[in-house]
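# Observations on chain architecture
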Amino acid sequence: PDSSLLAHFGPTLKIKTYKSQPKQEGALLAMTEATRNGWFDGYDWIIRVNPDVVIRDDTWLQHALFDDSIDAILVPCLNANYAIATDFFAYRPKALPEKAWQHGLKSGNNERTARDEFITLMRKGKVTWLTGAEINIADGCRVTGEESPVIHNHTFYEQCRVQEEMS
């Protein structure tokens with residue numbers, strides 16, 4: 001790893017690279033490998049985000065993360081048999097079975113696999129749903145919403161660019 005990364009994160013930094021995978025399998029690979037290898041051991045929360053997901057406001061998330069009655073923060077993807085959006089979710093690793101995420105893609109796609117991993121927590125009422133979130137079903141179950149603290153938007157960066165001053 002780059003020495004500046006090591007200086008910032010210390011010896012706990014792990015960087016792993018893998019050969020390109022098909023879209024569904026590749027998106028799940030990080031969760032599968034991390035749990036199989038114990039990389040999440042000792043952490044209170046795991047927050048999974050796609051690289052193009054933006055946390056616009058972490059106030060609500062912080063409150064949820066410190067609420068002992070909550071073991072997962074999820075976004076429903078209602079177009080896929082009550083599946084769970086996988087562009088963003090957070091959970092307490094100790095709340096899931098030891099073998100969670102270790103079976104790879106087991107339900108046809110990531111969203112149904114996530115549903116299967118979190119189903120016990122949902123049945124126990126240990127899940128909260130991301131406030132203000134809406135799902136862009138036409139665009140592949142992406143979290144959106146004017147009031148959502150988290151969005152998945154491929155063009156969000158265009159809205160954030162500093163406009164050059166006209167001379």
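In short, a report on the structure. All residue numbers here refer to positions counted from 1 along the written sequence of the relevant chain. Reporting in this predicted model follows two pLDDT cut-offs: at least 70 for local features of residues, and 80 or more for side-chain atom pairs to be given and counted; totals over whole chains, interfaces and linings ignore these cut-offs and use all residues. Only heavy atoms go into the side-chain values, all of them from the structure, while hydrogens and water stay out.

As a further point, take the layout of surface pockets. To locate leftover empty space, one rolls a probe as large as a water molecule over the atoms. Estimated volume of the largest pocket: approximately 630 Å³. Only protein atoms enter the 1 Å grid, on which a cavity is a set of points fitting a 1.4 Å probe that cannot get out and a pocket is an open set with protein on both sides within 12 Å along at least 5 of 7 lines, lining residues being those with an atom within 4 Å of a point. Lining the largest pocket are 24 residues, and of these Lys 14, Ala 30, Ala 34, Trp 39 and Phe 40 lie nearest its centre. Secondary structure elements follow DSSP: runs of H or I no shorter than four residues count as helices, runs of E no shorter than two count as strands, and numbering proceeds from the N terminus. For the lining of the largest pocket, the elements supplying multiple residues, two or more each, are α2 (23-36) and β1 (46-49). With six residues, the single largest contributor to the lining of the largest pocket is α2. Grid points are joined across faces, edges and corners, and a volume is the space filled by probe spheres set on the points.

One open sheet holds the four strands; their spatial order is β1-β6-β3-β7, and the pairing between them is mixed. Both edges of this open sheet fall to β1 and β7 (127-129), since each of them pairs with a single strand only. Looking at each pair of strands side by side, their axes are set apart by 15° on average, direction ignored. Pairing between two strands is assigned when DSSP locates at least 2 bridges connecting them. Taken together, the two bridges between strand β3 (residues 72-74) and strand β6 (residues 88-91) define a ladder with antiparallel strand orientation. Bridge pairing in β6 places Ile 73 opposite Ala 90. Axis definition: a line fitted to C-alpha atoms, limited for helices to the stretch in contact. Angles are taken between N-to-C directions and run from 0 to 180 degrees.

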